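The lines below spell out each chain.
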Amino acid sequence: MRVFNFLGAAVATRNISTGDVPPDKRRKIGSARSAGVATVGRGRQPLAAVNNRQDVVASASDMGGAEGSECESVEFTKEEVEALLNEKVKGKKFDVKGKMEQMNEHIRKLKLCVKWFQEVDGGHVQEKEKLRNTLESSERKLTETEAAMTKKEEEFNSILTELKLKSTLLQENLAKEESEKLDAIECHRRETEAKVTAEKLQASLREELGKAEQDKLSANQRVISLNDMYKRLQEYNTSLQQYNTKLQTDLATANESLKRVENEKATIVQNLSTLRGHYNALQDQLTSSKASQDEAVKQKEALLKEVNCIRGELQHAREDRDRQCTQVQELTAEIVKYKETTGKSVAELDNLSLKSYALEETCSSQREQIHVLQHQLAAATEKLKMSDLSVVETRTEFEQKKRAMSELEYRLADAELKLVEGEKLRKKLHNTILELKGNIRVFCRVRPMLPDDCATTETLISYPMSMESLGRGIELLQSGQKYPFTFDKVFDHEASQQDVFVEISQLVQSALDGYKVCIFAYGQTGSGKTYTMMGVPEAYEQKGLIPRSLEQIFETSQSLQAQGWKYKMQASMLEIYNETIRDLLSVNCSSGLDLTRAENCGVGKQYAIKHDANGNTHVADLTIVDVCSMKEVSRLLRQAAQSRSVGKTDMNEHSSRSHFVFTLRIFGVNESTEQQVQGVLNLIDLAGSERLSRSGATGDRLKETQAINKSLSCLSDVIFALAKKDDHVPFRNSKLTYLLQPCLGGDSKTLMFVNVSPDPLSVGESICSLRFAARVNSCEIGIARRQTSTRTLDSRLSCG
């Protein structure tokens, strides 16, 4: 009545926190199950009401309904779960039926509770998926923003290129104007010489020549002012080139920042804890953007000042032009007066008039160029305003993403906390369920018929189909009489290795949780014990319990690294042959020890068994190997299989002539919670029990058979003493029972596989094995203790 399959309970309850459901808000599970998210519904019934309708749930289960019918919507609070876990079986000492009924009711309640936890876990999974989608959308938006910024930088670069071209044109125009000014100076010099010559001819012309000299001085001043303007334009061009260089530097910095952001994105996908670094990088990028914006504002102000200066100089140039025009008109009037006296002066004055007109045309073209520059300045100012708006928008979007990222970090931390709490609750529920099933359980497995078995048309082994015995009962027929037996689980001849392992996977998980676990196979020779425990490791479907258990241990330990757990594994293998312990991993142990006593393994060593105060078992001088992967353990298993003692008997061509014990010690520490555990997994393949009359053993085979039967008889004595609750339990009568003392004495979670052969000639042996297993199943041992340590285990954890 203790069977309850909790396959997957470790995964289903990993992320469930006991504090997820506040007392004032109850989530209803049932109608919203198809959506995967628990919704808030009407108030649920109290736990007492759940207890009152257990009969209804049981009757629905008897009618073929699934466990925990979906039409029932049951919810639990933290107090009710604690009460359910702390509930103990009450009743009279020998009222087995009443205790079993209470256990059944308790198990049904636990089914409802676990199912509720599974529903809540589904909601957590969907919430996690939503968070992942939100993060991906934020990353896409960030990529689009970066592309837009890159496009704007390209536009600014094109504008700078245009400004460079215009600056080059202005420089060429200035060079032309300078040459014209030099020509004008030369003309003024010739005019002065003409005036000096005219002064010799007429004294009155001296005053006019003085005025011409004054005009020459003013023209020189204008040339100087134009030179200053040319220098300022050169400085402006230099500043533009510096600004272009700075923008290119900023672009390279932005590209480097973009690469850094991409690296940080990859880091975010791998580990969300690096979001803070990404946030700092984005802050640096924002600071550089602010600096670029401030620099652009400063450049804008400088351009405005430069334009104002150019406008002032243009106004001065216009005034000078007007004054020159006036002077030219006066000079023209005076030259007309003196035209009669000197023809050369008239010709030179005509030339000066032509040059004056040319200068006026040059000033007009310069005015047009200044007008065009003003339009370009206005366009650049408008673009600068648009860039300011885009920077503001980018900053706003960055702040929004920053807040979203902070919210995601908070939700992630909360989810991790809930995950840790859910893992604690899972371990507690898992241990409670195994305690309710019994710390020592018995499974029965019937192997298929083999070609060498005796053929018969009569069905000697049958399986009851009643609801109470379905999957738990087995009946043997001998001489027309039926012998019924009931165990925790019965596997028929069609059961696969995977089917068998599914039933013990939770027990293997207990070893990682810090408990001592022992699984051993018992049965007559040729009943399939070694196949059950080892199988064929090279074939996936035929792998036995030992390789499958170790694969689960390593896979689970790797998955628990995300929660901060680090594990170290140590393996040892021995056999008990003729009441002598042999180290199968010793370097002196030879391979292929068929039909020999194989005394090379551990020559001259006395392997003494010792038990410490904490219930841990140690074998002195035994080889212990650190293992970090399934590949290393497989190599050790092959080495041990080659060294194990086997021999040929009439019942089995390759019969195991010794008890094989594989021990895996597990040391674990959680860096975040500082929790430390020490678990032990013992996997034992006992030698086959057989009668001397059937085995046909002689000589050394006879001594081996006698030693095997003696050790198994001592095991029976220990089991019977435990069943009777005797004060003295004869553990020391054999090396096997003394080695298994912590497993049988209540300090471990123990499971025994009794293997049965369907051969009609082995019915008597099968009934004896099943009777022994039934006595083991009736034993009640103490509660297993979880092995924790206050010492730091970091020095032991060389590999995870």
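Residues numbered from 1 in each chain as written. Predicted model: local features only at pLDDT ≥ 70, side-chain atom pairs only at ≥ 80, totals over all residues. Heavy atoms only, no water.

Undergrad: Explain the packing of aromatic side chains here, please?
TA: Two aromatic rings, taken as a pair, are described by how far apart their centres are and by the angle between their planes. Applying the stated criterion across every chain, the model contains seven aromatic pairs. In this structure, R548 is placed above the aromatic ring of Y540, and the distance from its NZ or CZ to the ring centre is 5.5 Å. The ring centre of Y515 lies 4.3 Å from the NZ or CZ of K749, which sits over that ring. (Phe/Tyr/Trp six-rings, centres within 6.5 Å; stacked < 30°, edge-to-face > 60°. Lys NZ or Arg CZ within 6 Å of the ring centre and 35° of its normal.)

Undergrad: In this structure, what is going on with the UniProt feature "binding site: ATP" (unreviewed entry) in the chain? I would like to understand it.
TA: UniProt records the feature "binding site: ATP" (unreviewed entry) at G523, Q524, T525, G526, S527, G528, K529 and T530, using the numbering of this structure. Excluding anything up to four places from it in sequence, S527 contacts R447, N755, V756 and S757. Of note is the side chain of S527, whose polar atom sits 2.7 Å from the backbone oxygen of Q524. Mapped onto the secondary structure, T530 falls in helix α10 (residues 529-533). Taking the relative accessible area as the measure of exposure, T530 reaches 34% and is therefore partly exposed. (UniProt positions renumbered as here; feature names shortened; annotations may be inferred. Contact = heavy atoms within 4.5 Å. Polar contact = N/O pair within 3.5 Å; in protein donor to acceptor, adjacent residues only side chain to side chain. Helix = DSSP H or I, 4+ residues; strand = E, 2+ residues; numbered from the N terminus. Buried < 20%, exposed > 50% of the residue type's maximum accessible area, 1.4 Å probe, protein only.)

Undergrad: I tried to follow the nonpolar core on my own but got confused; where do I start?
TA: One recurring pattern in soluble globular proteins is that nonpolar side chains are buried together. Among the nonpolar cores identified, the biggest contains 51 residues, and I474, F487, L744 and M752 are the most heavily contacted of them. Sort the elements by how many residues they give to this core and helix α14 (residues 700-724) lands first, with seven residues. (Core = buried A, V, L, I, M, F, W, Y, C linked by side-chain atoms within 4.5 Å.)

Undergrad: Sorry, what's going on with the environment of L258 here?
TA: On the secondary structure map, L258 appears in helix α6 (residues 205-270). With 108 residues separating them in the primary sequence, L258 and T150 have C-alpha atoms 10.0 Å apart.

Undergrad: How do you make sense of the side chain of T145 when you look at a structure like this?
TA: Structurally, T145 is set in helix α5 (residues 96-201). By relative accessible area, T145 is classed as buried at 15%. The residues contacting T145, other than those within four sequence positions of it, are T394, E397 and K401.

Undergrad: Looking at this structure, how should I read unusual backbone geometry?
TA: Excluding glycine, residues mostly carry a negative phi; peptide bonds, for their part, are mostly trans. The backbone of D621 shows a phi angle near 65°, a positive value even though the residue is not glycine. Turning to its location among the elements, D621 is positioned in the loop between β12 (617-619) and β13 (625-627). For D621, a relative accessible area of 52% gives the class exposed. A positive phi angle, near 60°, is found at E674, a position not held by glycine. For E674, the location among the structural elements is in the loop between β16 (659-670) and β17 (676-685). Residue classification places E674 among the exposed positions, given a relative accessible area of 66%.

Undergrad: Which parts of the structure should I look at to understand the pattern of salt bridges?
TA: Between side chains of opposite charge, a pair can form as their charged atoms come close. Applying the stated criterion across every chain, the model contains 11 salt bridges. One salt bridge in this structure joins E129 and R132, with 2.6 Å as the shortest N-O distance. Note that E129 and R132 are positioned in helix α5 at a spacing of three residues, about one turn of the helix. Given a relative accessible area of 38%, E129 falls into the partly exposed group. Under the relative-accessibility criterion, R132 is labelled partly exposed at 36%. E186 is the salt-bridge partner of R190, the closest N and O atoms lying 4.0 Å from each other. One end of the pair is R190 and the other is E186, both in helix α5 and four residues apart, which spans about a single turn. Classification of E186 by relative accessible area gives partly exposed; the value is 29%. (Salt bridge = Lys/Arg side-chain N within 4 Å of Asp/Glu carboxyl O.)

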